[in-house]
Structures are given as C-alpha cells and as structure tokens.
Amino acid sequence: MDWGIGLAIAGAAFAAFLGASGSAWGISIAAEAAGGVITEDPEKFGRVLVMLALPGTQGFYGFLGAFYIMMKINLLGGGMAVPFSAGLQLFFAALPLGIAGLVSGYYQGRASVAGILLIAKRPEEMGKAIILPAMVETYAVLGLLATIILVSSIKI
Amino acid sequence: MSIADMEKIAVIGHISVKDKILSILQKDRTLHPLDAQQEGPSEYKSGDFEPLLPELELAISLLVKVSGKKKSFIENFVPYKEPVEMSVLEKTSHDFDWRSVLSSIKSMESELSNLNNLLSTLKKERDILLPWAALKVKLKDLSCTKKTCMVAGSVKTKKMQLLQEELSSQIPASAIEIISGNPDKTHVIIFYAKDSAKIDDILSKINFEKVSLPLSERTASQELAAIETSLKEVEQENGTIISELKKYVPHLSKLSYVYDYFFQKVVKKTAERKAGVTGSTFFLSGWVPKYKLPGLSEELKNEIPLCAIERVLPEEGEDPPTLLKNAAVFYPFEAITRIFGLPGKGEVDPTGPLSMFYLLFFAMCLSDVGYGLILSIVSWYYLRKLTLSEGGKKLLILLFVGGIATIFVGVISGSYFGIDLARIPAPAGPFLIKMRLIDPIKNPLSVLGLSVGLGLLQIIYGIFVSMLSKIQKNQWVDGILDDGLWIFFLLSLSGYAVSSAAAQSYSGVLSIMSMAGATLLVLTQGRQEKNIFQKGIKGILSLYRTTGFLGDTLSYSRLLALMMTTSIIGMVVNIIAELTGNVPYIGYLLMVAILVVGHIFNLVISVLGAFIHSARLQLVEFFGKFYEGSGKEFKPFGYETKYVVIK
C-alpha cells in the first residue's frame, strides 16, 4: 500500500478544504451584514462587495497550497513514488496553511463586518475600512508562506 | 513642496454684495471657511431650500425606479455624474416648471403608497381566509348559540391526535371538524357544550391558535372572490399611476439639475452662516492656499468694488488645514496617504517617499505581463470615459501606472497569463526565458530574500526620513542618536546576518560594528531619564525594538506569497482549460470560456490583493517609522453635487 502519496494528497486536500471553509464562513458573516446595509442604501453595493470579498483569499491560498503540493509530487503528470516519511512531511507542511486559513477566514469575516458597518455610516472612509480586515489576512499569508517554504524544502 | 502653504484671510464686504462674493468663492473653491463664532442674527434661519431637497430626491428616485434603467456593473463602483455648466443649472431651475412636476409626482407618490398599503391589507385578509375556503356556512354564523359554542383556529398537525384524545376524554359533548390542513398545520372548528369549563385549558395546552374571521353575510369562498376582484382593481390602478409616472421620466435629468442647483444654494447658506455680520458689513474668515491668494484677490477686486481681503494672523495653537500639492508624478499616490490621514503641522508629506515602493510592491504582487497590460488598458479606458471625482481619478491613475509597472516586473518574473514558457516555440520562448531573472515558483526562497531585502530597505528609508525631518526642525541630537544610530545598527546587523550565512570573511568586521551599534544604543536611548539606573534600563530595553523591526521586515514576505498566488492560479486556469479542450465537440468553446472567465477572475482578486497589501505595507510598516497623519483636511467652500458635476 502506498501511504506516502496518500499522505501527500491528504495534506493538499486539508489545505484546500480548510482554507475554502474559512473563506466561506468569513464571507457568509460579512454578506449578512452587507445585506442589511444594502437594504438601507442600495447605492453602497459596490463598496460593500469589495469588503465582503476580502475574506475570500484564504480559499485561494488553500487551493494554491494544494496545487503546490500536487506539483511537488507531480500528481498531474501521473504521480511519482513518494516515500512514507516524505508523505508525512508534506502532510504536516500543509497544516499551517489549512488551519490558519480556516481560523483567519472566520475572523477576517468579522473584521469585514466592522468595516461594512463603518462604510454604512461613513462611505467616504472606504480606504480605512478596507485596511482593517487586511490586518487579519496577514496571518493567513504567513501560513501560506510557511507551507510554501516547508514544501519547497522537503526532499523526495 | 508637497504641502501647500496656507494663508489665513478675512474677506470683508458690504452686506449688499454678500451673495455675489459668496458665489465667486463657491465657484473658485479656494477658501476653507472658519466659523466666526458669533451668534448670528435671526435672519440666518434655516434656508428655504433645505426642505425641497428630500422631496426632489424622492421624486428622482421614484422616476429612476419607474424608468427601469439598469446600472452598468462599473456604475456600482463609480457612479456616473453628467458634467453640466452652472449656467445651465440656473437656467433650468428658472425656466423649467419643476414645481408643478414635483407636486404631481408627489401626489402620485402618495397615491401609490396608499394603494400599496391597501394591497398589503387585502393580501393579509386573503391569507387569513384562504384555509377556510371549504367552509360552507356564512362567516357570521360561526358563533355561539344558546347551548353550544364553536371556535375556529389552527393547530400543529403533530398535535391533532392529542387534541382529539383530550376532547373526547374530557368533554364528551364535543366535536371537531377538519376544514383544511397540510403537514404542518391543520385548520379545525371545534364544537362544544357552552358550559364546558375545561375547553380553555385544553386549547392552551396544545397551543391552539384562535382565528377571528370577519363577521360577514357571505361564505369564505365568496369573501375570497371579492378580495380577488379588489386586488385586481388595485393592481390595475397601480399600473395606471405608474404609466402616468413614466410620462415624467424624460424630465429626470432636468429634475436632477434642479436638485443640484438648490443643493448649491444650501451649501452656500451653510457657508453664509459662518460669516460674521455688523450692521452693514460682513466678514468671512478662512484659509486659502498661498499660491491661489493673488488670483482670488485680483478677481474679487475686479468684480466687486465694495470688498476687501485682509490677511489675518492665526491664533496661538491654530493649525492650518492640509492641502497636498504634489508634482504630477506623485499625484496619484496621494490616494494612499489619504487612507491613513493627512500630514499635520511640522510633518513631512509621505506621498513622495512611499510612491516608488508602492509601485514596485504593487507590480510584484500582480507580476504578470498580461494582467498588467489589461489593467492599464481598462483603467485608461475608464479614465477617458468617466467623469470622476478627485479620489476616483487618483485611484484609476494609480491602477494605470501600477499596470505599466506590472508589465516590467512580469517580464523579469517571466509570467505571461501564467503560460508555461518552455512550451512557447522558438525564438520567442527561449528569449522570454532568458529575460526571466526570478522564478517564484521554482525558486521561492530567492524571491523571499528579495522581498524581505526590499522590506529592510524601506524600513531603513523610513527611519532615514524621520531623521531628516528631525534635522530640519533643528533637533540634531534626537535625529542622530534616535534614528541615525538605529540605521547604523540595523545595517550592520543585517549585513552581519547575510555575510555570516554566506561565510564571508568580512563578517567579523560587521559583527564588531553591530555590537558597537548596540552598545551605543544602550548608552544613549535612556538619556532622557533622570537617574543612572533608569537610564541603563531604558537603554537596554530599547534594544527590544529590534524584534519589532524584525517583524516589520518579515511582513514584506507577503510579496512572495501574492506573487505566487497570481501566477499559480493563472497556471491552474490554463491547465483546466487545456483539459476541457479534449471534450468532444464543445471542447474549444469550453476552453475559451474557462480561459476568459478564469483569467478575469484571477485578475480582479489579484489586483484587489495587490492594492490592499502594498497599501498596508506603507501604512503600517513604513508610516510607523516617521508619520503620524495628524492633519485636518483642507475643505474648500465650493460646489457639492449629487447627480451632476458642475464644470
């Protein structure tokens, strides 16, 4: 039984599904607040849309990490032999991205809600509102970076 | 000069020319008015035009709704405003009989809202009656007789059995008739002998909802038919009014002219309230950018004889409002500075220092020739096509320039819509590969080093700017000991880190230099404390700031992450498109659709990410070193519009 490649794929899958779940969670929280604001003032749709798209990046980071691992084991090109230890390493390397993506996606959604409420009252302060959730996203980026550096330095 | 010099002035004139002077000031947009802080005389009650504005706004929004005009997607982000001359606005407000239009729209509006109320009442009644349509008796007969009573209502279907059991066991002289039902609720009529006391207990126990049906001579189905007829009538009437309203749609633009014309009057009135008055003169004080002052006094002198401009000395502690005035190269980057806040008194304008870094970081995050090209073409097109506010214009120019810079960085990183360069035939492919100097996907560590290196550079530059501004204020000691020493220490420390990792021979020198820097910092950073122990402790603790700098520097690693996001998602789009190309018959169609949609999507999220993250690096990591942003914005008294732009 080939555990190595299985573990590597599990890592990729974890990165993708945790990141995507975090984004879905965060965006749904922000979208609820956005719906309320748009009910009051449909003109704000454009601004609010940008705010609620912000927690969406975790999903992409997760997808990207998954793809990076797939490239590492040449999965699209038919796959290569991955020893058990390397597979385990790839699995653990995927965790920072997946877990940070899940948690930060949720919390970035909450920060987006704060920004959306800010825009509801002071639409001219869009620039400041957009920076608040971006502060949370930093840590999803760091998770992605950790995963990329780990994956790229694993030897198969 | 990136912050405009301000001059505090007072415009003084005879009361008869007040309105004329205000009109000129409003047209020129040069004066930031200040409150005269004197109790205005009673003639300054709220303007007569103010109540008009909400009425006009309501009429306009109603007409827009009726006209069924759809906004284009881009208009959600940048609302279109028609450019119009002030004279046209004035003429429209005088010639166009907007009062009668407004009053007829208003009466139609109130009719519409009455009809809507009626509609919802009728619908509510219908919803109540609907379950009882099968009832054969007249509704008014649903009441008590001498000996028996009946009650109509609904109960959860789950509890029906419980109800039947309770009734038959506790009140033998009772019956229950099911009128209608669904899996959720059952509508029933319960008959019972008049003196049964337990009925209320049973009903409350099973949460029976009594319904009060209208006491009518007709049956439920007859009532329903009547309601349907009135509903139809109301809807018909509604339609007539809406088609009547549609006749007014051509007046839409004129109404918006009228709105903005009176809006200017209100704005003017607000400024007027800030003016001080005596018996026959008035004065309005405020700030004017120095370079605009000669033009303003010239114009006022030529047009209005009974008026003068005096320079006024600012009061103690009174700071002028800030107006950024940068050369055309830096102009769009003011948008980034404004996100944080404008420079206050004695601060440098960070726009120039941040501009090149921002541009480079934006380009690195997007880093694809194709995306850069599309971004600059699209933003150029909208710059041409749309009439934009100052802020919107800055943003679009920023995106345009960012797109151009992205093309260059894209060549260096060898990214063209994420296409695998090895598959491009000679001579183009090998040439493009030769142009590629960095490859974030194959060699992320070197790009990481580059990102962090650029970060260190910007942080040291930030400390340098802080030092310069202290020196300009003649605080030489603070500038050199607080900032100069840190620059020296950080440079030698990072030099030591790099050289010892690369096992260079001069790492020894650098290590001595960084130790010397640290010692000097320990000796000097506590110099403001009184006793020697506090001096020492504060000096040692100051070294803790190094970790802060380390964190700031690592924050720039996001450049690598965003660079990879763009190129990998682009690659994935291509791979998926290629796979669908093999689908029989519609393969190519699918492939093209996936390529177009996928790349547009990637472009949008990458631009958003590039914009936000490069801005954040400026606002948090860079500004933290030297900038407070404590200034107040220069807000000249001028035109403020809702629907049009006054040329």
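(A) Representation of the overall build of chain B in the model. On a plain count of helices and strands, chain B comes out with 21 helices and 11 strands. A compact globule built from 647 residues should have a C-alpha radius of gyration of about 26 Å, whereas chain B, at 38 Å, is more than 25% larger. By the burial criterion, 45% of the 647 residues in chain B qualify as buried. Long-range contacts, defined here as pairs at least 24 residues apart, represent 81% of the contacts in chain B between residues at least 6 apart. Surface accessibility of chain B: about 34,100 Å² in total, with carbon and sulfur atoms responsible for 61%. Of the charged side chains in chain B, 69 are positive and 64 negative; the average position of the first set lies 3 Å away from that of the second.

(B) Representation of the overall build of chain A. The number of helices and strands found in chain A is five helices and zero strands. Of the regular secondary structure in chain A, the N- to C-terminal order runs α-α-α-α-α. Dimensions along the principal axes, computed over C-alpha positions, put chain A at roughly 60 × 20 × 20 Å. Here chain A holds 156 residues, and the buried ones make up 49% of them. Across chain A, every contact between residues at least 6 apart in sequence was considered, and the portion connecting residues at least 24 apart equals 86%. Total accessible area on chain A is roughly 6,700 Å²; 71% of this is exposed by carbon and sulfur atoms. Taking the average location of the 8 positive side-chain charges in chain A and that of its 8 negative ones, the two points are 9 Å from each other.

(C) Highlighting the layout of surface pockets. Considered as a void within the structure, the second largest pocket measures approximately 1,100 Å³ in volume. Looking at the second largest pocket, it is lined by 41 residues, and the ones nearest its centre are Met-71 of chain A together with Asp-420, Ile-441, Lys-442 and Met-571 of chain B. Where the lining of the second largest pocket is concerned, the elements lending two or more residues are α3 (57-72) and α5 (126-153) of chain A together with α15 (444-472), α20 (558-580) and α21 (587-622) of chain B. Looking at the lining of the second largest pocket, the element that brings in the most residues is α20 of chain B, giving seven residues. Residues of the lining of the second largest pocket, tallied by class, amount to 21 nonpolar, 13 polar and seven charged.

(D) The interface of chain A and chain B, seen in detail. Opposite the 29 residues of chain A that make contact, chain B presents 32 residues. In total, about 2,700 Å² of surface goes out of reach between chain A and chain B, with carbon and sulfur atoms giving 81% of it. Counting the contacts that link chain A with chain B gives zero salt bridges. For the pair chain A and chain B, the interface holds five residue pairs in polar contact (both at pLDDT 80 or more). Considering every element that reaches the side of chain A that touches chain B, the biggest residue donor is α5 of chain A, with 15 residues.

(E) Structural context of the packing of aromatic side chains. Going through the model one piece at a time under the given rule, you end up with 30 aromatic pairs over all chains. Where Phe-14 of chain A meets Phe-17 of chain A, the ring centres are 5.6 Å apart and the plane angle is 40 degrees; that geometry is what we call tilted. Of this pair, Phe-14 of chain A and Phe-17 of chain A both sit in helix α1 (residues 3-40), separated by three residues, roughly a single helical turn. Look at Phe-17 of chain A and you get partly exposed, because its relative accessible area is 47%. Note on Tyr-371 of chain B and Phe-417 of chain B: the rings are 5.7 Å apart at their centroids and 80 degrees apart in plane angle, and the pair reads as edge-to-face. In this pair, Tyr-371 of chain B is assigned in helix α12 (residues 369-385) and Phe-417 of chain B in the loop between α13 (390-413) and α14 (428-435), connecting sequence segments 46 residues apart. On the accessibility criterion, Tyr-371 of chain B (1% relative accessible area) is buried. A relative accessible area of 29% means that Phe-417 of chain B is categorised as partly exposed.

(F) Main features of the packing of helix α2 (residues 52-67) of chain B against helix α8 (residues 252-274) of chain B. All names here are of chain B. In contact at an axis separation of 10 Å, α2 and α8 are set at 155 degrees when each is read in the N-to-C sense. In this view, α2 runs roughly antiparallel relative to α8, as classed from their interaxial angle. The handedness of the crossing between α2 and α8 comes out as left-handed. Taking contact as the criterion, the partners of Leu-52, Leu-53, Leu-56, Glu-57, Ile-60, Leu-63 and Val-64 in α2 are, on α8, Leu-252, Leu-255, Ser-256, Val-258, Tyr-259, Phe-262, Phe-263 and Val-266. The class makeup of the residues in the contact of α2 with α8 is 13 nonpolar, one polar and one charged.

(G) Just the sheet that holds strand β4 (residues 148-156) of chain B, in detail. All names here are of chain B. One open sheet accounts for four strands, arranged β5-β6-β4-β7; its pairing is antiparallel. The open sheet has two free edges, formed respectively by β5 (174-181) and β7 (209-210), since each of these has just one partner strand. Here β4 runs beside strand β6 (residues 185-193); their pairing, made up of nine bridges, is antiparallel. Its bridge partner lying in β6, Lys-156 is registered against Lys-185.

(H) Expanded view of the confidence of the model for chain B. Summing up the model confidence of chain B, the mean pLDDT is 87 and the portion of residues at 70 or higher is 97%. Taken over the whole predicted complex, pTM reads 0.80, whereas the ipTM for its chain interfaces reads 0.78.

(I) Fine view of helix α11 (residues 351-366) of chain B. Residue and element names in this part refer to chain B. Here α11 spans 22 Å end to end across 16 residues, near enough to the 22 Å set by a 1.5 Å rise per residue. A large share of α11 lies buried, amounting to 14 of its 16 residues. Looking one or two residues beyond α11, the residue adopting positive phi is Ser-367, at roughly 40 degrees.

(J) Spotlight on empty space enclosed by the protein. Summed over the entire model, instances satisfying the criterion amount to two cavities of 30 Å³ or more. When its volume is computed, the largest cavity comes out at roughly 100 Å³. What lines the largest cavity is simply Thr-57, Phe-60 and Tyr-61 of chain A together with Cys-365, Leu-562, Thr-565, Thr-566, Ile-605, Ser-606, Gly-609 and Ala-610 of chain B. Secondary-structure elements contributing two or more residues to the lining of the largest cavity are α3 of chain A together with α20 and α21 of chain B. The residue inventory of the lining of the largest cavity, partitioned by class, reads six nonpolar, five polar and no charged. Each pocket or cavity is described by its volume, and for the second largest cavity that value is around 40 Å³.

(K) Quick look at the pattern of salt bridges. Tallied over the entire structure, the rule returns 27 salt bridges over all chains. We note a salt bridge from Glu-125 of chain A to Lys-128 of chain A, for which the minimum N-O separation is 3.1 Å. The shortest N-O distance in the salt bridge between Glu-633 of chain B and Arg-338 of chain B comes to 2.4 Å. Note that Glu-633 of chain B is positioned in the loop between α21 and β11 (644-646) and Arg-338 of chain B in helix α10 (residues 334-340), a separation of 295 residues in sequence. Under the relative-accessibility criterion, Arg-338 of chain B is labelled partly exposed at 34%.

(L) Molecular detail of unusual backbone geometry. Residue and element names in this part refer to chain A. Positive phi, close to 50 degrees, is recorded for Asn-74, a residue that is not glycine. Mapped onto the secondary structure, Asn-74 falls in the loop between α3 and α4 (84-121). For Asn-74, a relative accessible area of 36% puts it in the partly exposed group.

(M) Focus on the packing of α1 of chain A against helix α2 (residues 45-53) of chain A. Residue and element names in this part refer to chain A. At a minimum axis distance of 9 Å, the contact between α1 and α2 shows a crossing angle of 165 degrees. In this view, α1 runs roughly antiparallel relative to α2, as classed from their interaxial angle. Judged by the sense of rotation from one axis to the other, the crossing of α1 with α2 is right-handed. From α1, Ile-27, Ala-30, Ala-31, Ala-34, Val-37 and Ile-38 reach across to α2, where they touch Phe-45, Val-48 and Leu-52. Split into classes, the residues belonging to the contact of α1 with α2 amount to nine nonpolar, no polar and no charged.

(N) Examining the confidence of the model for chain A more closely. Confidence along chain A averages 90 in pLDDT terms, with 99% of residues attaining 70 or more. Mean pLDDT across the secondary structure elements of chain A bottoms out at α2 of chain A, with 84, and peaks at α4 of chain A, with 95.

Cut-offs applied
- Residues numbered from 1 in each chain as written.
- Chains lettered and ligands numbered in written order.
- Predicted model: local features only at pLDDT ≥ 70, side-chain atom pairs only at ≥ 80, totals over all residues.
- Heavy atoms only, no water.
- Helix = DSSP H or I, 4+ residues; strand = E, 2+ residues; numbered from the N terminus.
- Rg over C-alpha atoms; globule rule 2.2 N^0.38 Å.
- Buried < 20%, exposed > 50% of the residue type's maximum accessible area, 1.4 Å probe, protein only.
- Contact = heavy atoms within 4.5 Å.
- Areas by Shrake-Rupley, 256 points an atom, 1.4 Å probe, with all protein chains shown as cover.
- Lys, Arg positive; Asp, Glu negative; His and termini not counted.
- Charge placed at Lys NZ, Arg CZ, Asp CG, Glu CD.
- 1 Å grid on protein atoms, 1.4 Å probe; cavity = no way out; pocket = protein on both sides within 12 Å on 5 of 7 lines; lining within 4 Å.
- Points joined across faces, edges and corners; volume = space filled by probe spheres on them.
- Nonpolar A, V, L, I, M, F, W, Y, C, P; charged D, E, K, R; others polar.
- Buried area = accessible area lost by both parts, 1.4 Å probe.
- Salt bridge = Lys/Arg side-chain N within 4 Å of Asp/Glu carboxyl O.
- Polar contact = N/O pair within 3.5 Å; in protein donor to acceptor, adjacent residues only side chain to side chain.
- Phe/Tyr/Trp six-rings, centres within 6.5 Å; stacked < 30°, edge-to-face > 60°.
- Axes fitted to C-alpha atoms, helices over the stretch in contact; angles between N-to-C directions.
- Parallel < 35°, antiparallel > 145°, perpendicular 65-115°, else oblique.
- Left-handed = near helix turned anticlockwise from the far one by under 90°.
- Pairing = 2+ DSSP bridges.
- pLDDT = per-residue confidence, 0-100.
- Expected span 1.5 Å × (residues − 1).

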